[in-house]
Amino acid sequence: MLTALTAGALADAAARRDDVSFAQIEARALETAPALDALGLLSRSDNVHLIAEIKRSSPSKGALATIADPTTLARQYEIGGATAISVLTEGRKFGGSLADLAAVREAVSLPLLRKDFIAEEYQILEARAYGADLVLLIVAALDQKVLERLHSFVRELGMTPLVETHSADEVRRANDIGAELVGVNARDLSTFELDTNLFGSVRNLIPDGVVAVAESAVFSVDDVQHYRNAGADAVLVGEALVKEGNPVERVREFVGVS
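To keep things clear, this report deals only with the structure shown in the data block. (Residues numbered from 1 in each chain as written. Predicted model: local features only at pLDDT ≥ 70, side-chain atom pairs only at ≥ 80, totals over all residues. Heavy atoms only, no water.)

1. With respect to the overall build of the protein
Rules: Every helix listed is a DSSP run of H or I at least four residues long, and every strand listed is a run of E at least two residues long, numbered separately from the N terminus. For the radius of gyration, the atom set is restricted to C-alpha positions; the globular benchmark scales as 2.2 Å times the number of residues to the power 0.38. Classification of residues uses two cut-offs on accessible area relative to the type maximum, computed with a 1.4 Å probe and protein chains only: under 20% is buried, over 50% is exposed, and between them is partly exposed. Any two residues having at least one pair of non-hydrogen atoms within 4.5 Å are treated as being in contact. Calculation of accessible area relied on Shrake-Rupley with a 1.4 Å probe; when residues are assessed, cover is drawn exclusively from the protein chains displayed.
Of the regular secondary structure elements, the protein holds 12 helices and 10 strands. Here the C-alpha radius of gyration of the protein, 17 Å, is about what a compact globule of 258 residues would show, namely 18 Å. Overall, the protein is about 45 × 40 × 35 Å in size when its C-alpha atoms are taken along their principal axes. Residue burial in the protein is summarised as follows: out of 258 residues, 54% are buried. The contacts in the protein between residues at least 6 apart in sequence include a share of 68% that link residues at least 24 apart. If you sum the accessible surface of the protein, you get close to 10700 Å²; carbon and sulfur atoms cover 48% of it.

2. A word on the packing of helix α4 (residues 70–80) against helix α5 (residues 98–107)
We apply this condition: Fitted lines through C-alpha atoms serve as axes, helices being fitted only where they are in contact, and the angles separating the N-to-C directions of these axes extend from 0 to 180 degrees. If an angle is under 35 degrees, it is roughly parallel; if it is over 145, roughly antiparallel; if it lies from 65 to 115, roughly perpendicular; otherwise it is oblique. Handedness of a crossing follows from how the near helix is turned relative to the far one, being left-handed for an anticlockwise turn of less than a right angle and right-handed for a clockwise one. Classes in brief: Ala, Val, Leu, Ile, Met, Phe, Trp, Tyr, Cys and Pro nonpolar; Asp, Glu, Lys and Arg charged; the others, Gly included, polar.
At a minimum axis separation of 9 Å, α4 and α5 run at an interaxial angle of 45 degrees. The angle between α4 and α5 places the two elements in the oblique class. The element α4 and its partner α5 pack so that their crossing is right-handed. Facing α4, whose interface residues are Pro70, Thr71, Ala74, Arg75 and Glu78, α5 presents Asp100, Ala103, Val104 and Ala107. For the contact of α4 with α5, the class distribution of residues is 5 nonpolar, 1 polar and 3 charged.

3. A few points about the packing of helix α1 (residues 2–19) against helix α6 (residues 121–129)
Remark: α1 packs on α6, axes separated minimally by 10 Å, with the N-to-C direction vectors making an angle of 70 degrees. Classed by the angle they form, the pair α1 and α6 counts as roughly perpendicular. Note on packing geometry: the crossing formed by α1 with α6 is left-handed. Of α6, the residues touching α1 (which contributes Ala9, Leu10, Ala13, Arg16 and Arg17) are Tyr122, Gln123 and Glu126. Of the residues in the contact of α1 with α6, the class split is 4 nonpolar, 1 polar and 3 charged.

Here you go:
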């Protein structure tokens, strides 16, 4: 699934490159206002940080929410106290787009994460051109040389790479490239099963001073507390915020965890 999603994302980027060349997107990226210091914000506070996600669907769950206007949801996240917002821009399985990212950038002042299957520099330039402050890099999707190269490129553009891992070995790979923001995703990419204890089992491998983000399997305040007790500096939450209830209140509940 990960291989197919990455290949699809690269094919879609190639199609966009037919309309907007590498040189053109690079120029747009360099003309964009400087990225916000997401790492600095996520490094502070006695309470857990929330990266609130705009997510319409997923390969494992199918359709989650319509979200006709992502800007309204983004403003609700900001009002509720989220530290950053994740915008899924993958269109084939997640129903997102770069247009969503651009619209949300105009609507809120929080740092934005471009969440997609990033495997080349063109996609990173797109992220900056459309207003992202963070870029997701999935260790399992990239060989080590490519991971290191893309990680450096994100930083050269003034953005923060969120390096996503799914195992102890992948955390070590993130450490080897000097990642300062490391995510641990509870979802097994082969079976889609969730392991809520994975984060706690690898937390000791994440060095002091590196911001640790727990991803997936967050449906309640108890889940956030579970990750916080295991040493999470931040949690990334999507489904629980888009499927039911009041997003403002849900965000407030989650960020109240200390």
